[in-house]
Amino acid sequence: MEHEIRLVRERQEKPEWFAGNSDNEPLSLWTSNNSKMEIAELMLGIYLAKVLRTPDGMVMEYREVIRLVERAFGVKISNHRELKRDIFKRTHELVIFLKRLIFLIEQERDKKDA
């Protein structure tokens, strides 16, 4: 309840923080061609890092992390178990999207250092 009150207050005080206009709208839109697999890969990494907790302090389960991102990005990932399985079945590159993120961050750092 306290979290919901704080969220409502933040939405009123800082509407620019929220892309969606109501609680039923996504906060942002994921715009790549492989969005579900990228989201599943990213959320699997976040889930395994155990950095997200429920309001009552419990570590979020993978399906809860997926629900969170579905709400945030306005995407439905009904096959999240299959996507997780497909990630673990990869033989050549296990984490394609995460490696791309690492590359982009390092590239940006190198541009700033130059």
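Reading guide: rules and limits
- Residues numbered from 1 in each chain as written.
- Predicted model: local features only at pLDDT ≥ 70, side-chain atom pairs only at ≥ 80, totals over all residues.
- Heavy atoms only, no water.
- Core = buried A, V, L, I, M, F, W, Y, C linked by side-chain atoms within 4.5 Å.
- Buried < 20%, exposed > 50% of the residue type's maximum accessible area, 1.4 Å probe, protein only.
- Helix = DSSP H or I, 4+ residues; strand = E, 2+ residues; numbered from the N terminus.
- Contact = heavy atoms within 4.5 Å.
- Arc of directions from axis to C-beta.
- Patch = residues over 30% accessible without salt bridge, like charges linked within 9 Å, V, L, I, M, F, W, Y side chains within 5 Å.
- Areas by Shrake-Rupley, 256 points an atom, 1.4 Å probe, with all protein chains shown as cover.
- Salt bridge = Lys/Arg side-chain N within 4 Å of Asp/Glu carboxyl O.
- Polar contact = N/O pair within 3.5 Å; in protein donor to acceptor, adjacent residues only side chain to side chain.
- Axes fitted to C-alpha atoms, helices over the stretch in contact; angles between N-to-C directions.
- Parallel < 35°, antiparallel > 145°, perpendicular 65-115°, else oblique.

The subject of this paragraph is the nonpolar core. One finds Ile39, Met43, Tyr62 and Ile77 to be the most contacted residues of the largest nonpolar core, which totals 18 residues. Secondary structure elements with two or more residues in this core: helix H2 (35-49), helix H3 (62-73) and helix H4 (80-89). The element contributing the most residues to this core is H2, with seven residues. Excluding anything up to four places from it in sequence, Ile77 contacts Lys36, Ile39, Ile66, Val69, Glu70 and Leu83.

Right, let's talk about H4 for a bit. Those residues of H4 not exposed but buried are His80, Leu83 and Ile87. Buried residues along H4 cover an arc of 60° about the axis, so they all sit on one side. For H4, exposure combined with an orientation more than 90 degrees from the buried face picks out Arg81 and Lys89. Residues of H4 that are buried make contact with H2 and H3.

A surface patch of nonpolar side chains, amounting to about 300 Å² of accessible area, comprises Leu48, Phe88 and Leu94. Of note, Phe88 is situated in helix H4.

Next up on the list: the pattern of salt bridges. For the coordinates displayed, the defined rule picks out eight salt bridges. Across the pair Lys76 and Glu70 runs a salt bridge, and its minimum N-O distance is 3.7 Å. By sharing partners, the salt bridges in this structure join Glu108, Lys111 and Lys112 into a single network.

Its location among the elements puts Arg53 in the loop between H2 and H3. A polar atom in the side chain of Arg53 sits 3.2 Å from the backbone oxygen of Gly57.

Our focus in this paragraph is the packing of H2 against H4. Here H2 crosses H4 at 75°, and the two axes come no closer than 9 Å. The pairing of H2 with H4 is recorded here as roughly perpendicular in orientation. Contact residues: Lys36, Met37, Ala40, Glu41 and Leu44 in H2; Leu83, Lys84, Asp86, Ile87 and Phe88 in H4.

The analysis is restricted to geometry; functional conclusions fall outside its scope.
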